[in-house]
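Topology and contacts: notes
If you want the building blocks of each chain, they are given just below.
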Amino acid sequence: MSVNTRIRTVLGLAAVGALALGLAACSTAAPEEGAGGEGGTGELTTVGFVAVGPEGAWREANEQNIQDTFTEDAGYELKYAPATNLDQKSQIDAFTSFVDEGVDVILLSATEASGWEDSLKRAQEAEIPVILLDRGIEPDDDSLYVTRIAPDNVEVAKEVGAWAAATFPDGGNYVVLEGPAGVGVVNERNKGFDEGLGDTKLTKLDAQTANWSAEEGKSVFETMLKANNNNIQLVFAQNDEMGLGAAQAAEEAGLVVGKDVKIATIDGTKNAMQALADGQLSYVHEYNPLFGETALEVVEKALAGEEVDSYIVVPSEEFDSAEAAKAVLADRKY
Ligand code: AHR
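This section reports on the structure supplied with the text. Computed from a predicted structure; not experimentally measured.

A look at the overall build of the chain
A tally of helices and strands in the chain yields eleven helices and 13 strands. Relative to its 334 residues, the chain shows a buried fraction of 54%. Expressed as a percentage of contacts within the chain between residues at least 6 apart in sequence, the contacts between residues at least 24 apart total 78%. Surface summary for the chain: the accessible area is close to 13,400 Å², and the carbon and sulfur share equals 47%.

So, the packing of aromatic side chains
Evaluated as defined, the whole model comprises seven aromatic pairs. Ring plane angle 40 degrees and centroid distance 5.3 Å describe the contact between W58 and Y287, whose orientation is recorded as tilted. You can see W58 sitting in helix α2 (residues 57-69) and its partner Y287 sitting in the loop between β11 (283-286) and α10 (292-303), a full 229 residues away along the chain. Look at F193 and F236: their rings are 4.2 Å apart centre to centre, the planes differ by 15 degrees, and that puts the pair in the stacked class. Pair noted here: F193 is in helix α6 (residues 184-197) and F236 is in strand β9 (residues 234-237), with a separation of 43 residues, a long-range link. Judged on exposure class, the residue F193 and its partner F236 are both buried. Through a chain of ring-to-ring contacts, the aromatic side chains of Y174, F193 and F236 assemble into a single cluster.

Some details on the sheet that holds β9
By way of backbone hydrogen bonds, the strands of a sheet pair with one another, either parallel or antiparallel. Reading across the sheet, the six strands line up as β8-β7-β9-β10-β11-β13 and stay open at both edges, with mixed pairing between neighbours. Pairing within the sheet leaves two strands with one partner each, and these edge strands are β8 (202-209) and β13 (318-319). Pairing of strand β7 (residues 172-178) with β9 involves four bridges; the strand directions are parallel. Of the residues in β9, the one forming a bridge with V175 is V235. Packing against the sheet, helix α8 (residues 240-252) makes contact with β7, β9, β10 (262-267) and β11, and its axis sits at approximately 160 degrees to β10. Seen against the sheet, helix α9 (residues 270-277) touches β10, β11 and β13 and runs at an angle of roughly 150 degrees to β11.

Focus: unusual backbone geometry
In this structure, P139 follows E138 across a cis peptide bond, with omega equal to -10 degrees. On the secondary structure map, P139 appears in the loop between β5 (130-133) and β6 (147-150). Positive phi values are uncommon outside glycine, yet W212 reaches one of about 65 degrees. Tracing the backbone shows W212 in the loop between β8 and α7 (214-227). Despite not being glycine, N229 has its phi angle at roughly 50 degrees, a positive value. Locating N229 in the fold gives a position in the loop between α7 and β9. Classification of N229 by relative accessible area gives exposed; the value is 71%.

Some thoughts on the site of the ligand
Surrounding the ligand, one finds E55, W58, R59, D134, R135, V185, R189, W212, N239, D267 and Y287. Interatomic distance of 3.1 Å between a side-chain N/O atom of R59 and an oxygen atom of the ligand. At a separation of 3.1 Å, an oxygen atom of the ligand approaches a polar side-chain atom of N239. If the ligand stood free it would expose 280 Å²; the protein chains cover 99% of that surface. For the shell around the ligand, the per-class residue count stands at four nonpolar, one polar and six charged. Inspection of the shell around the ligand shows a minimum of three residues originating in each of domain 1 (7-150 + 289-303) and domain 2 (153-287 + 319-329).

Rules used in this analysis
Residues numbered from 1 in each chain as written. Predicted model: local features only at pLDDT ≥ 70, side-chain atom pairs only at ≥ 80, totals over all residues. Heavy atoms only, no water. Helix = DSSP H or I, 4+ residues; strand = E, 2+ residues; numbered from the N terminus. Buried < 20%, exposed > 50% of the residue type's maximum accessible area, 1.4 Å probe, protein only. Contact = heavy atoms within 4.5 Å. Areas by Shrake-Rupley, 256 points an atom, 1.4 Å probe, with all protein chains shown as cover. Phe/Tyr/Trp six-rings, centres within 6.5 Å; stacked < 30°, edge-to-face > 60°. Pairing = 2+ DSSP bridges. Axes fitted to C-alpha atoms, helices over the stretch in contact; angles between N-to-C directions. Near = heavy atom within 4 Å. Polar contact = N/O pair within 3.5 Å; in protein donor to acceptor, adjacent residues only side chain to side chain. Nonpolar A, V, L, I, M, F, W, Y, C, P; charged D, E, K, R; others polar. Domains from an automatic or database assignment.

This is the structure in structure tokens:
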């Protein structure tokens, strides 16, 4: 299992303290109270978390981990603001409220990649550092935020593509189940997968969104199978739920996953790892959501006015067999 190497600084907690001075996306004037928690005044550091909210197992694990990390015991008051039905306007409204309220720092997991410039500029004018969690922004202007903390979607998907090319040396037909249009990680994953495929003989028959959902993954793949007389040998599902849905559709079409069709997914949630162990999926690439401690380290550095790299990559591993999944299932934290 290869660990997802990084283009930028791979993050381990030990590395955070020694982060190379990268492009300084932000060096903020340290507020009166000390950085990171109970400052000199004994007040809590206020963190506005503009979150996605209910979206699936990955999101639940990620947002719970953030809430479990930024606790009062750690010196923080976390104000959790999940989007209303994944609606960006509700996120922008929450972001604006946090700026008006004068929180010490904002964490942002964006439902949409574009449309954030005005909000980020307002936070910058108010000298409130913004840290992107998971999702990037488009166009990417890293002068508008301190850093982005996430696994590297391009590298993760590149490894999925490399596995696909190696698994189908003589080619075959494949389809892609994408996340929602407008979400930055969708474009990054498509880019990485195509790079990983290289000069493969695999043929792309179709790509459609199934909105991160198992139900839609099943219905979209059912339609794809019917439209192509079941002649599809590979599914690249950009998250676990869509891949699990595709596995249901394959089974109902009389296909055997692993024999007639292979299904590769990204996230590495418990259900997908169990499905990989049981042969209902063929490959799972982790997209590690548990980076709360990392975010806290970065918040402390930002509030202390220190510089941090503009993109902090969370290491993630690939799992290409039932045996690989079984080896880690017992200790799975999400
Ligand atoms: O941005 C990360 C993606 O969002 C995950 O892969 C998916 O499961 C989540 O909904």
